[in-house]
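# Architecture and fold: a report
One letter stands for each residue in the lines below.
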Amino acid sequence: MFGVLVVAAPDGRVGYLCGFSGMLDERWHVDGFAPPLFDPVARDAFWPAGQAELYALAARHAELVDGAEAVALRTRLAELTERQAAATAELRARHEENRRLRQAARRRLTEGTLGEEERRAALHALGQESRADSEARRRQDAAHHQERESLAEAQRELTARRTELERLRAGLSRQLWRQIAASYVIPNARGETRTLEVMFAPEPPPGGAGDCAAPKLLAQAYHHRLKPLALAEFWWGAPPLTGDRHAGEYYPACQSKCGAVLPYMLEGLSVDPAPASAATPGPEDELRVVYEDAWLLVVDKPCGLLSVPGRHEPRRDSVLVRLQSRSAAHSGPLILHPLEAETSGLLLVAKDLETHAALHQQFGRSEADKRYVAWLDGHVTGDQGLIELPLRADPEQRPRHLVDPLHGKRALTEWHVLRRTDARTRVSLIPRTDRTHQLRVHTAHPLGLGAPLVGDRLYGRDDARLLLHAEAVTFTHPRSGERIHLESPPPF
């Protein structure tokens, strides 16, 4: 994004300043453009070394999540679960046949001509066989538990190492971000200043706050005693791979990063009122439990509630924090496929590592699935299909993701049209892979459905709320083998 600020000098002359968001050609300072709001010398004193340490921690964490050790453990646990289920089924069938034979033998003893003593001895022998079967079942259960426990202990140890790395990384990230935020000095038209850290307190500033074109331009104007008159920000150059920015088009300042910065910087100026923006509804007081047993549960998450807290706020209100306070006895909860705060619907939660691993394997093998319903802003060609567009994070515009055929990870989405209106299309979406922002990018991108989700402020247009709801989940219970299908009707 680029920006132009029309300004007036003290002598009445009118001119303009130019600025860009973030970095341009990997540089913060470019001749002719407004500089950043931090001191580069002070930043270079701590940031390169801190960033290198963060990258090292992230690499170690990735190895514990998807490295050879983690993959081997998940594979062994899945194979063990499958083998034990087969052994249990085989023993159960054998015992059922034994039970049938014993019942037939008892009928023959009742109808036969044996003496009382011989009949009692035969019945006693049959009882001994029944008790032997029960003992065999107990021995098998104990052996299975012992086998699972060794792998579960390895999983717990791996999780503990991963959790420790997450703690170290979050702590270092908070420390570095506090140093960075304290180095940003934000001025306003009255000559006052605040640091970025103070401006967002008590919450940490979002990543990239203070680096957009508008704050740079206003700060440059105040530094040279110029009066801001008019401001515009626009996209220039080739469209991003996400397909939702076009050269020469004007776009408003983002709410997440500039929503707190620009109002302060404009204090002391006579400005037009900001355009109205619909607020995201807050979370409901109660978290509705749709299904629960000793191993897992499914909750219906309201729009506006986080699935998990951010790394900077480990106790922030979220599904995970609520479930942790609800039942401290479980080693979990472990959420499978967390929903974004703006997305409502069904959330599957495991209470132990074995259940989590088994369910994770089911989704990986397409033996379980989750179905979403959504309204799209625009018309969709065709009635159904499969979108395959590889995705990766956009480091320049976090938290956005983009389509990248070369470096992106494989992403598949099955879709079906449910209904059409004059301006919108209602669709059913089944993600066959689990990628961040998969449904949002696949619907918005021109090579996907070419129609963003209604209310998608990142890839479409802001609205009252994101009209995306996880309406159904289907899986096989890892313990009972029962096929479970749960639904939650969408609130829109």
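Because the structure is a prediction, the values reported are computed rather than measured. (Residues numbered from 1 in each chain as written. Predicted model: local features only at pLDDT ≥ 70, side-chain atom pairs only at ≥ 80, totals over all residues. Heavy atoms only, no water.)

### Side note on the overall build of the protein chain
- Looking only at helices and strands, one finds 11 helices and 17 strands in the protein chain.
- Projected onto its principal axes, the C-alpha positions of the protein chain cover 125 × 55 × 45 Å.
- The buried share among the 492 residues of the protein chain stands at 43%.
- About 26600 Å² of surface is accessible on the protein chain, with carbon and sulfur atoms providing 53% of the total.
- Seen as two clouds, the 64 positive and the 67 negative side-chain charges of the protein chain have centres 3 Å apart. (Helix = DSSP H or I, 4+ residues; strand = E, 2+ residues; numbered from the N terminus. Buried < 20%, exposed > 50% of the residue type's maximum accessible area, 1.4 Å probe, protein only. Areas by Shrake-Rupley, 256 points an atom, 1.4 Å probe, with all protein chains shown as cover. Lys, Arg positive; Asp, Glu negative; His and termini not counted. Charge placed at Lys NZ, Arg CZ, Asp CG, Glu CD.)

### Considerations on the pattern of salt bridges
- Scanning the model with the defined rule gives 35 salt bridges in all.
- We note a salt bridge from E414 to R432, for which the minimum N-O separation is 2.8 Å. Separated by 18 residues along the polypeptide, E414 in strand β14 (residues 412-420) and R432 in the loop between β15 (424-431) and α11 (438-444) bring together distant segments of the chain.
- Linked through salt bridges whose partners overlap, the residues forming this network are E69, E157 and R161. (Salt bridge = Lys/Arg side-chain N within 4 Å of Asp/Glu carboxyl O.)

### Digging into the sheet that holds strand β5 (residues 227-234)
- Here 3 strands make up an open sheet; going across it, the order is β2-β1-β5 and the pairing antiparallel. Pairing within the sheet leaves two strands with one partner each, and these edge strands are β2 (14-20) and β5. Each strand axis lies, on average, 20° off the axis of its neighbour in the sheet, ignoring direction.
- By the bridge criterion, 7 bridges tie strand β1 (residues 2-8) to β2 in an arrangement that is antiparallel. Considered in β2, the bridge of V7 is made with G15. (Pairing = 2+ DSSP bridges. Axes fitted to C-alpha atoms, helices over the stretch in contact; angles between N-to-C directions.)

### Some points on the side chain of T474
- By the element assignment, T474 lies in strand β16 (residues 468-476).
- One polar contact links T474 to H485, side chain to side chain, over a distance of 2.6 Å.
- Once residues within four sequence positions are removed from consideration, T474 is found in contact with A368, D369, R483, I484 and H485. (Polar contact = N/O pair within 3.5 Å; in protein donor to acceptor, adjacent residues only side chain to side chain. Contact = heavy atoms within 4.5 Å.)

### Quick notes on the pairing of β15
- The buried fraction of β15 is high, at 7 of 8 residues.
- Sheet analysis places strand β10 (residues 369-377) next to β15, joined by 6 bridges and oriented antiparallel. By the bridge assignment, D377 is partnered in β15 with R424.
- Taken together, the 7 bridges between β14 and β15 define a ladder with antiparallel strand orientation. Each bridged residue has a counterpart across the sheet, and for W415 the counterpart in β15 is L429.
- Connecting β14 to the next strand, β15, in antiparallel fashion are 3 residues.

### What to know about the nonpolar core
- Formed by 44 residues in total, the largest nonpolar core has its most connected members in L5, L17, Y184, I186, L196 and V261.
- Only β1, α2 (47-66), α3 (68-111), α4 (116-183), α5 (196-200), α6 (213-223) and α8 (261-265) provide two or more residues apiece to this core.
- The element contributing the most residues to this core is α4, with 8 residues.
- Setting aside its immediate chain neighbours within four residues, I186 contacts L37, E192, T193, R194, L196, M199, V261, Y264 and M265.
- V319, V403, V417 and Y459 belong to the second-largest nonpolar core, a separate cluster that totals 35 residues. (Core = buried A, V, L, I, M, F, W, Y, C linked by side-chain atoms within 4.5 Å.)

### Section: the packing of aromatic side chains
- The final tally for this structure, using the stated rule, is 7 aromatic pairs.
- Aromatic pair F2 and F234: ring centres 6.4 Å apart, planes at 25°, arrangement stacked. One end of the pair, F2, is in strand β1; the other, F234, is in strand β5, and 232 residues separate them in sequence.
- Each residue in the set F2, F20, F33, F234, W236 and Y250 is aromatic and connected to the rest through ring pairs, giving one cluster.
- A cation over an aromatic ring shows up here: R43 above the ring of W47, its NZ or CZ 5.8 Å from the ring centre. (Phe/Tyr/Trp six-rings, centres within 6.5 Å; stacked < 30°, edge-to-face > 60°. Lys NZ or Arg CZ within 6 Å of the ring centre and 35° of its normal.)

### Quick look at the confidence of the model for the protein chain
- For the protein chain, per-residue confidence averages 87 on the pLDDT scale, and residues scoring 70 or more make up 92% of the total.
- Note on residues 275-285: pLDDT is under 50 here. Beyond four places in sequence and across chains, it has 19 contacts. (pLDDT = per-residue confidence, 0-100.)

### Description of α2
- Between the first and last C-alpha of α2 there are 28 Å, a value that for 20 residues agrees with the 28 Å anticipated at 1.5 Å per step.
- G50, L54, L57, H61 and L64 are the residues of α2 that are buried. The arc that holds the buried residues of α2, viewed along the axis, is 80°, so those residues lie on one side. Pointing more than 90 degrees away from the buried face of α2 are the exposed residues A49, Y55 and D66. (Expected span 1.5 Å × (residues − 1). Arc of directions from axis to C-beta.)

### Quick notes on the packing of α3 against helix α10 (residues 353-364)
- Where α3 meets α10, the closest approach of the two axes is 9 Å, and the angle between their N-to-C directions is 90°. Comparing their axes, α10 and α3 come out roughly perpendicular. Of the residues in α10, those in contact with R74, T75, L77 and A78 of α3 are L353, E354, A357, H360 and Q361. (Parallel < 35°, antiparallel > 145°, perpendicular 65-115°, else oblique.)

### Brief notes about the packing of α3 against α4
- One way to put it is that α3 packs onto α4 with a least axis distance of 11 Å and a crossing angle of 170°. Relative to α4, α3 is oriented roughly antiparallel.

### Some remarks on the environment of E149
- Mapped onto the secondary structure, E149 falls in helix α4.
- C-alpha separation for the pair E149 and E354, spaced 205 residues apart in sequence, amounts to 9.4 Å.
- Engagement of the side chain of E149 in a polar contact is seen with the side chain of R156, the distance being 2.3 Å.

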